[in-house]
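# Fold and geometry: a report
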Amino acid sequence: MKKIVSLFSIIMLLMACDDGNVTVQTINFDSVTAHNCNDLVYKLNSNEAFIIEITENALAFTNEPTVSNTPKTYQISSVNHVVYRFYNGTVATANICSTIPPATPSVSEEWIATSGTIEITTTANKSTNSATNGTRITGFNHYIVLRNITFSKPVGEQRYETFVFGNYTTTPTNAMPLGFTTSSFLTKCTSSNVLSNRSGSEALTLDIDPSLIVGTITPVGSPRKGLLSSTSNILTYRLFESIISQPAICSGTLPTILEEWNAVDGVMDVSGIVEVTTVSNGSGFLHSIHLKGVTLKKGTSDFYLADDYYLGDYLSN
């Protein structure tokens, strides 16, 4: 009798699997790269799609690191959606992003999230120059986790206390070439102590303490030193919408600013240090200016300029 019951159970299972319908039990997109279109962040895996739509998409995925242990959160609602779809064939970007999606493949099963929280933690991806230890931001990583999420399925509900959607990467809004050279002298405003190194549409300016560029030769190995701060020795990097000129820097009549980064306050003998070495140059003096251990910051983003960054030379009478 037991053998008959077992055989009957196997037959019923085979019949259930052969009726043309597939019942999905789990979702797994761990090794899949996330993409974006039309305010959707999505992952595709063969015949599956996992889609997140946040009304404030531009704010949710801004290129700005979130505060430590304080991710952005969005409640799943009528405007913030999480959807899982299973298709009857291999799904492609066109099925998600096209205004009129292709007729095939079609959706075989759909799970719609009815409650839960979308949690986003953003960090900066950086490259490091092994020669200078300087870092540059190459992109931003948005780590997405779904908390206490409930999906409405064709049959019943599926709940996850923690579901890791994974990483979604964006590129910096503006490329910052930092293409400065020291082949020409730094220029100084006549009405202030602002020195500048310019390259096309970018400028690195130092409002230097005048006591660092006096007409006195410095002893060998003993440069004058000062600390960067927001009130003295103010170092600023700006990227403009158009080419920047010296008169514009000095007058303050600047083109549209795309990026502005300011140096973090220095710590004596540790970081954020200005070093000036002065030698005679004909009837004048040549001041070589180095920036030691400088970090530039904008909002919650930062990058390390270099252990020793040669800003350039300034020639004074």
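These numbers come from a predicted model, not from an experiment. (Residues numbered from 1 in each chain as written. Predicted model: local features only at pLDDT ≥ 70, side-chain atom pairs only at ≥ 80, totals over all residues. Heavy atoms only, no water.)

### As for the state of the cysteines
Under the counting rule described, the total for this entry stands at two disulfides. With a sulfur-sulfur separation of 1.9 Å, Cys37 is cross-linked through a disulfide to Cys97. Taking the torsion about the sulfur-sulfur bond, which here is approximately -90°, the covalent link between Cys37 and Cys97 counts as left-handed. On the criterion of sequence distance, the pair formed by Cys37 in strand β1 (residues 35–37) and Cys97 in helix α3 (residues 93–97) is long-range, its members being 60 residues apart. On the accessibility criterion, Cys37 (12% relative accessible area) is buried. Residue Cys97 is classed as buried on the basis of its relative accessible area of 18%. Disulfide pairing places Cys189 opposite Cys250 at an S-S distance of 2.0 Å. The chirality of the disulfide connecting Cys189 with Cys250 is left-handed, given an S-S dihedral of about -90°. With Cys189 in the loop between β9 (187–188) and β10 (194–199) and Cys250 in helix α4 (residues 246–251), this pair connects stretches of sequence that are 61 residues apart. On the basis of relative accessibility, which here comes to 1%, the residue Cys189 falls in the buried class. Since its relative accessible area comes to 32%, Cys250 is described here as partly exposed. In the chain, numbering the disulfide-bonded cysteines from first to last in sequence yields the connectivity 1-2, 3-4. (Disulfide = S-S within 2.5 Å. Helix = DSSP H or I, 4+ residues; strand = E, 2+ residues; numbered from the N terminus. Buried < 20%, exposed > 50% of the residue type's maximum accessible area, 1.4 Å probe, protein only.)

### Overview of the side chain of Asn141
For Asn141, the location among the structural elements is in strand β7 (residues 135–152). Take Asn141: its relative accessible area is 14%, and that puts it in the buried class. A distance of 3.0 Å separates a polar atom in the side chain of Asn141 from a polar atom in the side chain of Asn167. Setting aside chain neighbours within four positions, we find Asn141 in contact with Thr121, Thr122, Thr123, Asn125, Asn167, Tyr168 and Thr169. (Polar contact = N/O pair within 3.5 Å; in protein donor to acceptor, adjacent residues only side chain to side chain. Contact = heavy atoms within 4.5 Å.)

### Structural notes on the confidence of the model for the chain
The pLDDT averaged across the chain works out to 91; a share of 92% of its residues lies at or above 70. Across residues 1–22 the pLDDT falls below 50, and counting only partners more than four positions away or on other chains, this stretch makes two contacts in the model. (pLDDT = per-residue confidence, 0-100.)

### Some remarks on the packing of aromatic side chains
Tallying each qualifying case throughout the model produces 12 aromatic pairs. With centroids separated by 5.3 Å and ring planes inclined at 45°, the aromatic side chains of Phe50 and Phe163 adopt a geometry described as tilted. Of the two residues, Phe50 is situated in strand β3 (residues 48–53) and Phe163 in strand β8 (residues 157–170); the sequence distance between them amounts to 113 residues. Each member of the pair, Phe50 together with Phe163, is buried. These aromatic residues form a ring-pair network of at least three members: Phe29, Phe50, Tyr84, Trp111, Phe151, Tyr160, Phe163 and Phe165. One residue, Lys43, lies across the ring of Phe165, its end atom 4.9 Å from the ring centre. (Phe/Tyr/Trp six-rings, centres within 6.5 Å; stacked < 30°, edge-to-face > 60°. Lys NZ or Arg CZ within 6 Å of the ring centre and 35° of its normal.)

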